[in-house]
Each structure stands twice: as structure tokens, then as C-alpha cells.
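# Inside the fold
Residue-level listing of the chains:
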Amino acid sequence: MHFGFDSFYILIPVGPPMRRRPVDFRRPARRRFSKVFWFTLCGVLFLIGFALFGRERGSTSTSAMVKRYYRRNKFMEGINITEEMLSPHSIPRQLNDQIALAKALIVIAKESNNLQFAWELSGQMRHSQLLLSNAATREIPLTGTESEIAIRDMAFLLYQADQLHYDSATLIMRLKSRIESLQELVHSVSEKSTKYGQIAAEEVPKSLYCLGITLTIEWFRNTDFQKKLNGGNQIADKLKDNSLYHFCVFSDNILATSVVVNSTASNSINPNLVVFHIVTDNINYAPMNAWFSTNTFRGLTIEVQNFEAFSWLNASYVPVLKQLQDSDTQNYYFSGNNDDSQTPIKYRNPKYLSMLNHLRFYIPEVFNSLDKVVFLDDDVVVQKDLSPLFSIDLNGNVNGAVETCMETFHRYHKYLNYSHPIIRAHFDPDACGWAFGMNIFDLVEWRKRNVTGIYHYWQEKNIDRTLWKLGTLPPGLLTFYGLTEPLDPHWHILGLGYTTVDRQLLQNGAVLHFNGNSKPWLKIGMGKYKLLWDKYVDYSQPILQQCNVH
């Protein structure tokens, strides 16, 4: 077959000729390993060694645990606690039952004054307890041989107790009788404690009695006191000047009143603008004047009045004075023989019928020229300047007071008898109470609303003491109901005469009130608060040293 081509050629490229590599008869060089390889190898060997060491140690620990477990099991095989205590034939159970019964019988034997038998029971009980303790220590159960004597001796004593009628019924009856007698004893001691505490709180210390007598003698001996007291027209004008800060205290306690005045003066920014109106009784009028005539108190203006000289204060106007003329009231407060002493002694304190205690409801009559006054009890200490009280807006109310419905203090239902229909109909039992002792009174509003007339109404309703029993606070809550403006709590801190008060409150409080029986001038006063009162008494005065006032 012919393809049409004349010839066919194959072209092969021609290059330089290839050479064969000569044979190398040299010894091959040794291969070197890197540093990383050696570090890795060392680490692996270290981990293998650590694993082998831990395994050996673990096997040793496991072996020790196995040995302990074996020993414990061996002991449990010797004495099974549950089975021992549940089995009626168990020796430990018998001993424990005898010990429990012996403890109860020892009490009965002592109550029956059978001390010899109680001593024998105690000795045998200790012997049985020693047996049980030794068995537990040596980890070997008790045998009948070593415990037979103890069980037999205890059984003999228990048999003797049975013959003496020391059984469970007797024990229960004796204990019940003992509990009842102890409750009666506690009640009796509590009553005596309350009674003696009340008596101690009501009694005038000898030192204060001496102070009053000594000042009375000085008052009538030294006519200069009376000259200082008059003081001219300038003092008389201050007593009626409503641009000044007027305070009032109703008290028969000279030293306590002095602390109130001195603490107020010491903490007042402008003491020359402060006027104190002190009202006392006829007995203390002369010594009170003598004391405040011999002490300046940073230039305060001080007035002392005798409430028994008030012509308007009579039985026809004042319900309390009318009640004092009633024989039942006199018997209730001064003899206490009308209800077999069922009423607590604190309710029978005659001070609750004292006019010095009830004059707070007649402040507009006592100070008929004043528009606003701050009332202070004689058991308070003033720590701050009280002049800002006079600029507080009472929002049309009569009384500015600190509310006391927080913490340990109470609401209306704690002071009033809400089983009485009149109280229940007019007053909210959960209304917040407040405290006497530091109050700002708007006397203009007082007169406008006839607050004294409201007080008279409730005082006459309570002639049979069915609305309330104690003090002037309950009638105050009724009288000023809806007429009281709450003040900031720091103005009046209560409780220093009967409880513990927070230290922060003591530091920030403007007026500290020692309400309660533990007054700071008494020996029963709370010592931790007495220094707050003592710093306003100058014990270096000769008359105080003469009367041993400290």
C-alpha cells in the first residue's frame, strides 16, 4: 500500500554522552539524632518510672486498707452493735437499761431524802458504765461471766427501789409536784423583784433628800437668793417673749432638773435666747429656787413656779384632783386592798395621780402668754442644740413627737383596753404610738382645738379605770389622736432606763430619755449609761459633797 510519501524519517535528538557514576567504596557516615529526640526519650522514661513507683505505693496503701478492713470486720464479727442492742438476751442492752432506770431512781431517792440508797445506786451505775467502756476499748464483747455480778447487784438494788415504791408513776407524780412548786417559787420571786424594784425606783435617795433640806435652809437664811430671783423687768419680759426658745419641766427632783437645764445650756448655740420654765410643788419650791439662783448655766433665763399657787387648779376643774377625793381611788392607789392584790404594783404608783405628772395637759393655762413651747421630762439628757425644733412645721397639728411603734415599742392596742366599746369605736388599734418626754407643742392650735377639754372628757370616762390603767401616756394618746405630727427619730432616743440602746443612736440622738425604773440618780441605774448623765453634774460643789451626792 502506498501512502503517497516518498520517504519516512525518525528524528532523534542528539545530546552530550551520559556518564555512569563511579562506585564509592568508602564506609557510610553514622546518622546523628537531634536534641529534641533525646529530651523526648528522657521524659518518657521518667513517666514510666513514676508510674511504676505509684503502682508499688498504691499496692502498699491498698494492702494497709485491706488489713484495717479485715480487722474491723473481725471485730464486727465478734460484736454486732445492732444485734447486741436489739437482742433481749444482750448483756450490753441489759446493762444500759439498768443504768437508765438507775438514773431516774437516783433522782427519786434524793427527792425522798434517801441519800444512802442514792449513793449505792450511783456507785453501781458507775461500775456498769466502766464495764461497757472497757469492752468498747478492747473491742471484745462482754461475756456473761464478767458481767454477771454487775447485773445481779444492780438488779438487787432495783428490787429494793421497787419495794420503796420508786416506780415510774411515783417519779412522774413527784416531778410534776416539783415543777409546780418551782413555778410557784419563780412567780413569788418575780413578784418580789418587781415590788422591790418599784419601791427602789419610787424612793428618794438620802443624798437627794439631804440636798433639798440643805438648800431650803440656805434659801431662808440668805436673802440674796430672793433678790437674784426677782431679777427686775428684763427677766419678766423674757418669760413672755415669743421670739425666744421656751422650755418647760415639771419636777420635784432638783438634781435631775439641773441636769436637764445644764445639758440644754451646754449644747445650745445661743444660750442667751433660751428660757426655762420650771414648775414644782410647794415643798421643793424654795430649794429649787436656791439651786438655780446659785448656778448660772451659761446665762439661761430660768423661772421657777409653784403649781400649788395656781388658783385655777382645783377639783372643780381638774378631774384628777376630783378623783383623789374619791375613797375608792384612794384605796386603789394608796392601800391596794380592794382587789386582793391582783393588780400589779406598777399600776398603783401614786405618782400617776400627781399633778406634776398631769400638768403637761394644762400647759396653755400655765403659760398663757406663750405660743410654742418644748416640753422635757426630768429624766432626759440633751446632747444637741434644740432651737431647730421651733422652726418645724407641725402642719396644723398640736403635738410634735417621735413615734414609737418600731422595734420593742408599741401601738395603741398595747396601751388601751380595746375590749371596751368606746375605745374600739373611736381609735385604730394599729395606730402608731408616740412618746412623752420631748415634745414641741403649738399652744395656739391647742387653745383653738380645746385639747385640754378633750383630755378632761377621757379622764372622766376612765374614773373606773376600764379604758386604761397606767400613767399619762394612754390619756395622751387619746387626747392627741389625729393631732400629732411625727418628728425625726433622732430627736428623742428612748429606753436608757430599762434596755440596751444602739450605740449609733446614742451618738446621734438629740435627747436621751432614761425612761424606766433604772434612773441614773439611783443605785439601780444602768451603769453603762450613767456617764452620759454624770457629765452634767458638778460633783465638786461643796453642797453636793456635804450631802454625799455621787
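Structural data are supplied above this passage.
Notes on the structure in this doc start here. From a predicted model like this one, the values you see are computed outputs, not experimental measurements. The numbering scheme is per chain: residues are counted from 1 as the chain's sequence reads. Restriction of local features to residues with pLDDT of at least 70 applies here, the model being predicted, together with a cutoff of 80 or more for giving and counting side-chain atom pairs; totals for whole chains, interfaces and linings are based on all residues. Only heavy atoms go into the side-chain values, all of them from the structure, while hydrogens and water stay out.

## Here's the deal with the state of the cysteines
Count a disulfide wherever a pair of cysteine sulfur atoms falls within 2.5 Å. Taken as a whole, this structure holds 2 disulfides when the rule is applied. Note on cysteine connectivity: C210 is disulfide-linked to C547, with sulfurs 2.2 Å apart. Here the S-S torsion is close to -70 degrees, and the disulfide linking C210 with C547 is therefore left-handed. Of this pair, C210 sits in helix α7 (residues 206-221) while C547 sits in the segment after α22 (542-546), placing them 337 residues apart in sequence. Buried residues are those whose accessible area, probed at 1.4 Å on protein chains only, stays under 20% of the maximum for their type, while exposed residues exceed 50% and partly exposed ones sit between those limits. Exposure remark for C210: the relative accessible area of 25% places this residue in the partly exposed category. The exposure class assigned to C547 is buried, which follows from its relative accessible area of 6%. There is a disulfide in this structure between C405 and C432, and the S-S distance comes to 1.9 Å. Between C405 and C432, the S-S torsion sits near -90 degrees, and that sign places the bridge as left-handed. In DSSP terms, a helix is any run of H or I states spanning at least four residues, a strand is any run of E spanning at least two, and both are numbered starting from the N terminus.

## Remarks on the pairing of strand β3 (residues 301-306)
Of all the 6 residues making up β3, 6 are buried; the element is thus mostly covered by neighbouring parts of the structure. When DSSP finds two or more bridges between two strands, those strands count as paired. Pairing of strand β2 (residues 274-280) with β3, which is carried by 6 bridges, proceeds in the parallel orientation. Note on β3: the bridge partner recorded for I278 is V304.

## Notes on empty space enclosed by the protein
Computed over the protein atoms alone on a 1 Å grid, cavities are sets of points where a 1.4 Å probe fits but cannot get out and pockets are open sets with protein on both sides within 12 Å along at least five of seven lines; a residue lines them when it has an atom within 4 Å of a point. Grid points are joined across faces, edges and corners, and a volume is the space filled by probe spheres set on the points. Inspection of the entire model under this criterion finds 2 cavities of 30 Å³ or more. In this model, the second largest cavity occupies a volume close to 40 Å³. Together, Y245, F247, T264, S268, V274, D385, L386 and S387 line the second largest cavity. Charged means Asp, Glu, Lys or Arg here, nonpolar means Ala, Val, Leu, Ile, Met, Phe, Trp, Tyr, Cys or Pro, and polar covers whatever is left, Gly included. Taken together, the residues of the lining of the second largest cavity break down into 4 nonpolar, 3 polar and 1 charged.

## Description of the packing of aromatic side chains
The rule is short: rings of Phe, Tyr and Trp, with Trp giving its six-membered ring, pair when the centres are within 6.5 Å, and they are stacked under 30 degrees, edge-to-face over 60, tilted in between. The full count for this structure, using the stated rule, is 25 aromatic pairs. Relative to F390, the ring of Y245 has its centre 5.2 Å away and its plane inclined at 40 degrees; by these criteria the two rings are tilted. Taken together, the residues span a long stretch of sequence, with Y245 in strand β1 (residues 245-250) and F390 in the loop between β5 (380-382) and β6 (399-401) at a distance of 145 residues. Definition used: whenever NZ (Lys) or CZ (Arg) falls within 6 Å of the ring centre and also within 35 degrees of the ring normal, the charge is taken to sit over that ring. Between R360 and the ring centre of F436, over which it is positioned, the NZ or CZ distance is 4.8 Å.

## A closer look at the sheet that holds β2
Through backbone hydrogen bonds, the strands of a sheet pair up, either in parallel or in antiparallel fashion. Strand order in the open sheet made by the 7 strands is β3-β2-β1-β4-β7-β6-β8, with mixed pairing throughout. In this open sheet, the two strands that pair with only one neighbour each are β3 and β8 (484-486). Across the sheet, the axes of successive neighbouring strands diverge by a mean angle of 25 degrees, strand direction being ignored. Across 5 bridges, the pairing between strand β4 (residues 372-376) and strand β7 (residues 438-442) is antiparallel. Note on β7: the bridge partner recorded for F375 is N439. Contacts: residue pairs with any heavy atoms within 4.5 Å of one another. Only the stretch in contact is used when a helix axis is fitted, and all axes are lines through C-alpha atoms; the angle between N-to-C directions ranges over 0 to 180 degrees. Docked against the sheet, helix α10 (residues 254-266) engages β1, β2, β3 and β4, running at close to 175 degrees with respect to β2. With respect to the sheet, helix α11 (residues 282-294) is in contact with β2 and β3, its orientation differing from that of β3 by roughly 165 degrees.

## A word on the packing of α7 against α11
Interhelical geometry of α7 versus α11 gives an angle of 80 degrees and a closest axis separation of 8 Å. It follows that α7 is roughly perpendicular to α11 by the angle criterion. Taken together, the residues of α11 that come into contact with α7 (itself represented by L211, G212, L215, T216, W219 and F220) are A286, P287, N289, A290, W291 and S293. A breakdown of the residues in the contact of α7 with α11 according to their chemical character gives 8 nonpolar, 4 polar and no charged. Under this scheme an angle from 65 to 115 degrees is roughly perpendicular, one under 35 degrees roughly parallel, and one over 145 degrees roughly antiparallel; angles in between are oblique.

## Digging into a nonpolar patch on the surface
On the surface, W38, L41, V44, L45 and I48 cluster together into a nonpolar patch covering about 470 Å² of accessible area. The residue V44 is located in helix α1 (residues 35-78) in this model. Two distance rules govern patches: like charges are joined within 9 Å, and nonpolar side chains (Val, Leu, Ile, Met, Phe, Trp, Tyr) within 5 Å, applied only to residues with over 30% relative accessible area and no salt bridge. Residue burial considers only the protein chains on display, and all accessible areas are found by Shrake-Rupley using a 1.4 Å probe. Every case where a carboxyl oxygen of Asp or Glu lies within 4 Å of a side-chain nitrogen of Lys or Arg is listed as a salt bridge.

## Section: helix α3 (residues 91-111)
One turn of the α-helix equals 3.6 residues, which is why residues spaced by three or four share an orientation. One less than the number of residues in a helix, times 1.5 Å, gives the span that helix is expected to have. Taking 1.5 Å of rise per residue, the 21 residues of α3 would be expected to cover 30 Å, and the 31 Å separating its terminal C-alpha atoms lies within 8% of that figure. At the C-terminal side of α3, N113 shows a positive phi close to 65 degrees.

## Comments concerning the pattern of salt bridges
Two side chains of opposite charge can pair, provided their charged atoms sit close to one another. Counted according to the given criterion, the structure contains 7 salt bridges. For the salt bridge of K519 with D379, the shortest nitrogen-to-oxygen distance reads 2.5 Å. Placement of the pair is K519 in the loop between β9 (511-513) and α21 (527-534) and D379 in the loop between β4 and β5, with a sequence separation of 140 residues. Each member of the pair, K519 as well as D379, is classed as buried. For E445, the salt bridge is made with R449, and the minimal N-O distance between the two is 3.2 Å.

## Observations concerning the nonpolar core
Counting residues in each nonpolar core, the largest one holds 59 residues, and the members touching the most others are F276, W291, F292, I302 and L376. With 7 residues, the top contributor of residues to this core is α10. Residues in contact with L376, not counting those within four places in the same chain, are F247, C248, V249, V260, T264, F276, V382, G437 and M438. Put simply, buried Ala, Val, Leu, Ile, Met, Phe, Trp, Tyr and Cys residues joined by side-chain atoms within 4.5 Å make one nonpolar core. Among the nonpolar cores identified, the runner-up in size contains 43 residues, and L370, A431, F480 and L483 belong to it.

Any functional reading would require information that these geometric values do not contain.
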